[in-house]
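# Summary of structural features
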Amino acid sequence: MSKNETVMKNATQSGDERQAALCEWAQPVLSALLQRTLPAPPAAQSLGGDASFRRYFRYIDTDTAQSFLLVDAPPPNEDVALFVRVAAEFQATGMRTPRIYEADPEQGFMLLEDFGDSLFLPRLQSARQSGQEHVANSLYESAMASLLDLQMDSCASPLPPYDNDRLLGEMRLFDQWFCGEMLALDLEPETQRMLDDTWRFLAEAAIAQTQVRVHRDYHSRNLMVIGGDVSARPGVIDFQDAVIGPITYDLVSLLKDCYIVWPRSQVEHWLRHYYRQACERSLLAKSLLFSDFFRDFELMGLQRHIKVLGIFCRLALRDGKRGYLGDLPVVLDYVQQTARAYPELATFSDWFERVPLPKIRERLQQESC
């Protein structure tokens, strides 16, 4: 079967058919790994999907208690070959990504190491509720240590650049999906010009930063505690969209997370920890003041959260993943607070608070009824 025929077949298969095909594909691979013949395709438990088209299934071998992840990543929407390449590059820096036992790019199947279920998010929530500041510190410091390793020697990376077109294209998801599709706002020419100017300002600020490897979703739902040790380097997933881009981007994902919010003073404490380490490792120029680095971080955060408003609305409206609407209030607060803080964003801040903010709050209230 040709590659095009395989892609067409994948596109027409139902979810159940693809799951069955994935388990059949995995049977000989697991037999080789376990050094015994599995008499039938593995009965793998569905773990659901994520914000992409990927689906995950867990197989636990009854004889050895070994656990494996079966991944359905259907082409052309998902690129298994890219996943494999990025995993290899990240692993070479010391980052703990899942071992890939086998991958079939044409069918969109993978068999991966299973990191388990211990995400950072519930650990951080528990630490905050119980006042265990040392646990949160250990988790964030381990995540930043891994991030620093990833960012070193990035000039040799073949990853694509997080360039002006990509940055602007992401922010324009706000125009289309947040303003247009979610709120039915008809953006007048003057308003559109203001948004375009704001997006250009944020893109230029991002490009002016030191450029390093960027995971692009380095947050509490993509970082995992391995072996119960909160101080160990985290397991890192969902890295296939990596690029070369601004040094503060992954820090924003981590410290201004869309799923857990910390006081500004705490975020600044962790950011200073990273800043000192990055200066010592010459990732940042020692002449760069922390105040300037913090401004870069804040503006990068606004770019990311503007994008996320568009993406969460697209996930809810186009893909039927309505749960992402529940995450919008946190992102809205991030946008509002940052835009208020910088004079260059005063016009955008005024418009955002007058026009879309009341409308989206009303829409979310209706959704919750």
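A brief structural summary. As the structure is a prediction and not an experimental result, all values here were calculated from the model.

### Some thoughts on the overall build of the protein
- Helix and strand content of the protein: 13 helices and nine strands.
- Compactness check: the protein gives a C-alpha radius of gyration of 22 Å against a globular reference of 21 Å for 369 residues, within 12% of the reference.
- For the protein, the spread of C-alpha atoms along the three principal axes comes to 65 × 50 × 45 Å.
- Of the contacts formed within the protein by residues at least 6 apart in sequence, a portion of 71% connects residues at least 24 apart.
- On the protein, roughly 16,800 Å² of surface is accessible, and the fraction owed to carbon and sulfur atoms is 49%.
- Distance between charge centroids for the protein: 2 Å, based on 38 positive and 51 negative side chains.

### Things to note about the packing of aromatic side chains
- Under the criterion given, the structure shown has 22 aromatic pairs.
- Note on Phe 68 and Tyr 101: the rings are 5.6 Å apart at their centroids and 65° apart in plane angle, and the pair reads as edge-to-face. With Phe 68 in strand S3 (residues 67-72) and Tyr 101 in strand S4 (residues 100-104), the pair connects residues that are 33 residues apart, well separated along the chain.
- A relative accessible area of 2% means that Phe 68 is categorised as buried.

### Comments concerning the nonpolar core
- Judged by nonpolar contacts, the single largest core of 105 residues is most densely connected at Phe 174, Phe 178, Phe 348 and Phe 352.
- With 14 residues, helix H10 (residues 290-317) is the single largest residue contributor to this core.
- Setting aside anything within four residues of it in sequence, one finds Phe 174 in contact with Cys 179, Leu 195, Trp 199, Ile 306, Leu 309, Gly 310, Trp 351 and Phe 352.
- With 15 residues, the next largest nonpolar core counts Trp 25, Val 29, Leu 34 and Leu 38 among its residues.

### Here we look at the environment of Leu 111
- Position of Leu 111 among the secondary structure elements: in strand S5 (residues 109-113).
- Among the residues examined, Leu 111 registers a relative accessible area of 0% and is labelled buried.
- The sequence separation of Leu 111 and Glu 133 amounts to 22 residues, and the corresponding C-alpha distance is 37 Å.
- Beyond its immediate sequence surroundings of up to four residues, Leu 111 is in contact with Trp 25, Val 29, Leu 30, Leu 33, Phe 68, Leu 69, Leu 70, Arg 99, Ile 100, Tyr 101 and Glu 102.

### Focus: the pattern of salt bridges
- Throughout the structure, instances matching the rule amount to 25 salt bridges.
- Across the pair Arg 272 and Glu 268 runs a salt bridge whose closest N-O atoms are separated by 3.2 Å. In this pair, Arg 272 and Glu 268 both sit in helix H9 (residues 264-280), four residues apart, roughly one turn of the helix.
- Taking the relative accessible area as the measure of exposure, Arg 272 reaches 36% and is therefore partly exposed.

### Re helix H7 (residues 189-207)
- For H7, spanning 19 residues, the distance from its first C-alpha to its last is 27 Å, which sits close to the expected 27 Å at 1.5 Å a residue.
- Within H7 the residues assigned to the buried category are Thr 191, Met 194, Leu 195, Thr 198, Trp 199, Leu 202, Ala 203, Ala 205 and Ala 206. Taken down its axis, H7 places every buried residue within 165° of arc, on the same side. Exposed residues lying more than 90 degrees from the buried face of H7 are Pro 189, Glu 190, Arg 193 and Glu 204.

### Regarding the pairing of S4
- Bridging between S4 and S5 involves four bridges; their strand directions are antiparallel. By the bridge assignment, Asp 104 is partnered in S5 with Phe 109.

### A closer look at helix H11 (residues 328-341)
- With 14 residues, H11 extends 20 Å between its outermost C-alpha atoms, agreeing within 8% with the 20 Å of an ideal straight helix rising 1.5 Å per residue.
- If you check which residues of H11 are buried, you get Leu 328, Val 331, Leu 332, Tyr 334, Val 335, Gln 336, Thr 338 and Ala 339.

### Some thoughts on the environment of Glu 268
- According to the relative accessible area criterion, Glu 268 is partly exposed, its value standing at 23%.
- Put simply, Glu 268 and Arg 193 are 75 residues apart on the chain and 33 Å apart in space, counted from C-alpha to C-alpha.

### A word on the state of the cysteines
- Tallied over the full model, the rule gives zero disulfides.
- For Cys 179, which is in no disulfide, the shortest distance to another cysteine sulfur is to Cys 313 and amounts to 9.0 Å.
- Classification of Cys 179 by relative accessible area gives buried; the value is 0%.

### Considering the packing of H11 against helix H12 (residues 346-354)
- Relative orientation of the contacting elements H11 and H12 amounts to 145°, with a least axis distance of 8 Å. Note that H11 runs across H12; the crossing there is left-handed. For the pair H11 and H12, the contacting residues are Leu 332, Val 335, Gln 336, Ala 339 and Arg 340 in the first and Phe 348, Ser 349, Phe 352 and Glu 353 in the second.

### So, the packing of helix H6 (residues 164-182) against H10
- Between H6 and H10, whose axes approach to 7 Å, the crossing angle comes to 45°. Comparing their axes, H10 and H6 come out oblique. Once H6 is placed against H10, the crossing between them reads as left-handed. Listed contacts from H10 to Leu 167, Glu 170, Met 171, Leu 173, Phe 174, Trp 177, Phe 178, Glu 181 and Met 182 of H6 are Met 300, Gln 303, Ile 306, Lys 307, Leu 309, Gly 310, Ile 311, Cys 313, Arg 314 and Leu 317.

Parameters at a glance
- Residues numbered from 1 in each chain as written.
- Predicted model: local features only at pLDDT ≥ 70, side-chain atom pairs only at ≥ 80, totals over all residues.
- Heavy atoms only, no water.
- Helix = DSSP H or I, 4+ residues; strand = E, 2+ residues; numbered from the N terminus.
- Rg over C-alpha atoms; globule rule 2.2 N^0.38 Å.
- Contact = heavy atoms within 4.5 Å.
- Areas by Shrake-Rupley, 256 points an atom, 1.4 Å probe, with all protein chains shown as cover.
- Lys, Arg positive; Asp, Glu negative; His and termini not counted.
- Charge placed at Lys NZ, Arg CZ, Asp CG, Glu CD.
- Phe/Tyr/Trp six-rings, centres within 6.5 Å; stacked < 30°, edge-to-face > 60°.
- Buried < 20%, exposed > 50% of the residue type's maximum accessible area, 1.4 Å probe, protein only.
- Core = buried A, V, L, I, M, F, W, Y, C linked by side-chain atoms within 4.5 Å.
- Salt bridge = Lys/Arg side-chain N within 4 Å of Asp/Glu carboxyl O.
- Expected span 1.5 Å × (residues − 1).
- Arc of directions from axis to C-beta.
- Pairing = 2+ DSSP bridges.
- Disulfide = S-S within 2.5 Å.
- Axes fitted to C-alpha atoms, helices over the stretch in contact; angles between N-to-C directions.
- Left-handed = near helix turned anticlockwise from the far one by under 90°.
- Parallel < 35°, antiparallel > 145°, perpendicular 65-115°, else oblique.

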